[in-house]
Amino acid sequence: MSTQPAFDFARFQRWRRPFEIGFWVVMMTVNTVFNGVVAWFDDTYRTHRAENIEPWIWEATSSLVVLALVPFVVWASRRWTLRFGNWRQNLKIHLALSVPFCLAHVGLMIVLRIVAYRVLLGWQYHFGDDWLRQLGYEYLKDVRTYFLFLGLIGGYRLLVLRLQGEASLLAEPDEGPPVEPVDRPERFLVRKLGKEFLVAAREIEWLQASGNYVNLHVRGRDYPLRATMAGIEDRLDPTRFVRVHRSYLVNLDYLAEIEPLDTGDARLTMRDGATLPCSRRFRNQLRERFGDVPVNA
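Analysis parameters
Residues numbered from 1 in each chain as written. Predicted model: local features only at pLDDT ≥ 70, side-chain atom pairs only at ≥ 80, totals over all residues. Heavy atoms only, no water. Axes fitted to C-alpha atoms, helices over the stretch in contact; angles between N-to-C directions. Helix = DSSP H or I, 4+ residues; strand = E, 2+ residues; numbered from the N terminus. Parallel < 35°, antiparallel > 145°, perpendicular 65-115°, else oblique. Left-handed = near helix turned anticlockwise from the far one by under 90°. Contact = heavy atoms within 4.5 Å. Phe/Tyr/Trp six-rings, centres within 6.5 Å; stacked < 30°, edge-to-face > 60°. Buried < 20%, exposed > 50% of the residue type's maximum accessible area, 1.4 Å probe, protein only. Salt bridge = Lys/Arg side-chain N within 4 Å of Asp/Glu carboxyl O. Core = buried A, V, L, I, M, F, W, Y, C linked by side-chain atoms within 4.5 Å. Nonpolar A, V, L, I, M, F, W, Y, C, P; charged D, E, K, R; others polar.

Participant: For this particular structure, what's the right way to read the packing of helix α2 (residues 16-46) against helix α5 (residues 131-164)?
Facilitator: How two helices sit against one another is set out by the angle between their axes and by the gap between those axes. The N-to-C vectors of α2 and α5 enclose an angle of 150°; their axes lie 14 Å apart at closest approach. Taken together, the axis directions place α2 and α5 in an arrangement best described as roughly antiparallel. α5 is crossed by α2, and the crossing has right-handed handedness. On α5, the residues that touch Arg16, Phe19, Glu20, Trp24, Met27 and Met28 of α2 are Phe149, Leu152, Ile153, Tyr156 and Val160.

Following this line, the structure appears as structure tokens:
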């Protein structure tokens, strides 16, 4: 019987970025083909209001701009994550962000269509005689697209967290004294695929801030912890964990080399070969921890 896991998350991590980019490209391509066929059937085949190529120009230019705006929606979903505790406030923010999303979509789409009409047809493109009405129509479609993307991104993020595992601080028990100090925990609780296990704090090699999370790097895996870097730094052993960058904390037990750079910053090499940035301010603090030991030793 095979002992290989059903899903190799470490392998998926290596292909995660191409997969994510490919997903959006494929989805927008399928959407362009489907909408293009519908528009061609309505405006060319049935009513003869447009040339054969026009519906494809409309849909292709729209999809290209929407695809270019996906990183904006991803950033917004990380910055203002919709959760049970804050959904009312963040929903208002996302409704407000849907306006610049629409304006960018329509503006860039018009530019692309002007160019496409001039090159492919030799015509001048007209967005419409009633700009406000047409813009309102586009906004109704764009606000739906914006929140559809939010839903897809949120669902994907939850799936990744479930496959990857998500860390949390051990909670203080309802009855009796805690089994370990809550202010400075020795272990973190990790949930993965419906199972729970403990990770020793001393086994964390480094920590990296990522949006609303801090990723705990342990033996080649990253476990997101819903916390701020400043908050988690106060709860780790200062004799072992050192801040080296506004987004990074390292465990000195796993630090192998400090390489100074001409800019005054430094490059840190961990025992597993990973390299992390060290800013000038924190490099000086790191050198003080080691006294007169050369930084590249």
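Participant: What is the right way to read the packing of aromatic side chains from this model?
Facilitator: For any pair of aromatic rings, the description rests on two quantities: the centre-to-centre distance and the angle between the ring planes. Within the structure shown, the criterion is met by 12 aromatic pairs. Between Trp24 and Phe149, the ring centres sit 4.9 Å apart and the planes meet at 65°, which makes this aromatic pair edge-to-face. In this pair, Trp24 sits in helix α2 while Phe149 sits in helix α5, placing the two residues 125 residues apart along the sequence. Residue Trp24 is classed as buried on the basis of its relative accessible area of 11%. Look at Phe149 and you get buried, because its relative accessible area is 2%. With 6.2 Å between their ring centres and 35° between their planes, Phe72 and Trp75 make a pair best called tilted. One end of the pair is Phe72 and the other is Trp75, both in helix α3 (residues 54-79) and three residues apart, which spans about a single turn. Looking at Phe72, the relative accessible area reads 26%, which means it is partly exposed. Classification of Trp75 as partly exposed rests on a relative accessible area of 45%.

Participant: Mind showing me how you'd approach the side chain of Glu138 here?
Facilitator: As for its placement among the helices and strands, Glu138 is situated in helix α5. Leave out the neighbours within four places in its chain, and Glu138 touches Cys102, His105, Val106, Met109 and Phe127.

Participant: In this structure, what is going on with unusual backbone geometry? I would like to understand it.
Facilitator: Most peptide bonds are trans, and most residues other than glycine sit at a negative phi. Of note in this structure, His48 is not a glycine but carries a positive phi near 55°. Its place among the elements puts His48 in the loop between α2 and α3. Classification of His48 as exposed rests on a relative accessible area of 64%. Of note in the backbone geometry, Arg219 takes a positive phi value of approximately 50° without being a glycine.

Participant: How should the pattern of salt bridges be read in this particular structure?
Facilitator: When the charged atoms of two side chains with opposite charge come close together, those side chains can pair. Evaluation of the coordinates by the stated rule reveals nine salt bridges. Put simply, Arg16 and Glu20 hold a salt bridge, and the shortest N to O gap is 2.9 Å. Taken together, the residues Arg16 and Glu20, both in helix α2 and four residues apart, mark about one turn of the helix. Arg16 gets classed as partly exposed once you look at its relative accessible area, which sits at 22%. For Glu20, a relative accessible area of 18% translates into the label buried. For Glu233, the salt bridge is made with Arg243, and the minimal N-O distance between the two is 2.6 Å. Residue Glu233 is found in helix α6 (residues 229-233), and its partner Arg243 is found in strand β7 (residues 241-245); the two are separated by 10 residues along the sequence. The class of Glu233 is partly exposed, set by a relative accessible area of 28%. Each of Arg16, Arg17 and Glu20 takes part in one network of salt bridges that share partners.

Participant: How should I be thinking about the nonpolar core in this particular structure?
Facilitator: Nonpolar side chains tend toward joint burial in soluble globular proteins. The biggest cluster of nonpolar side chains holds 26 residues, and the ones touching the most others in it are Val73, Val106, Tyr125, Phe127, Tyr146 and Phe149. At the level of secondary structure, the elements contributing two or more residues to this core comprise α2, α3, α4 (87-121) and α5. Residues Ala167, Val218, Tyr223 and Leu225 belong to the second largest nonpolar core, which totals 17 residues.

Participant: Would you explain the packing of α4 against α5 in this entry?
Facilitator: In the contact formed by α4 and α5, the axes pass within 8 Å of each other and the chain directions differ by 120°. Relative to α5, the element α4 lies oblique. Crossing geometry of α4 relative to α5 is assigned as right-handed. Classifying every residue of the contact of α4 with α5 by side-chain character gives 17 nonpolar, four polar and two charged.

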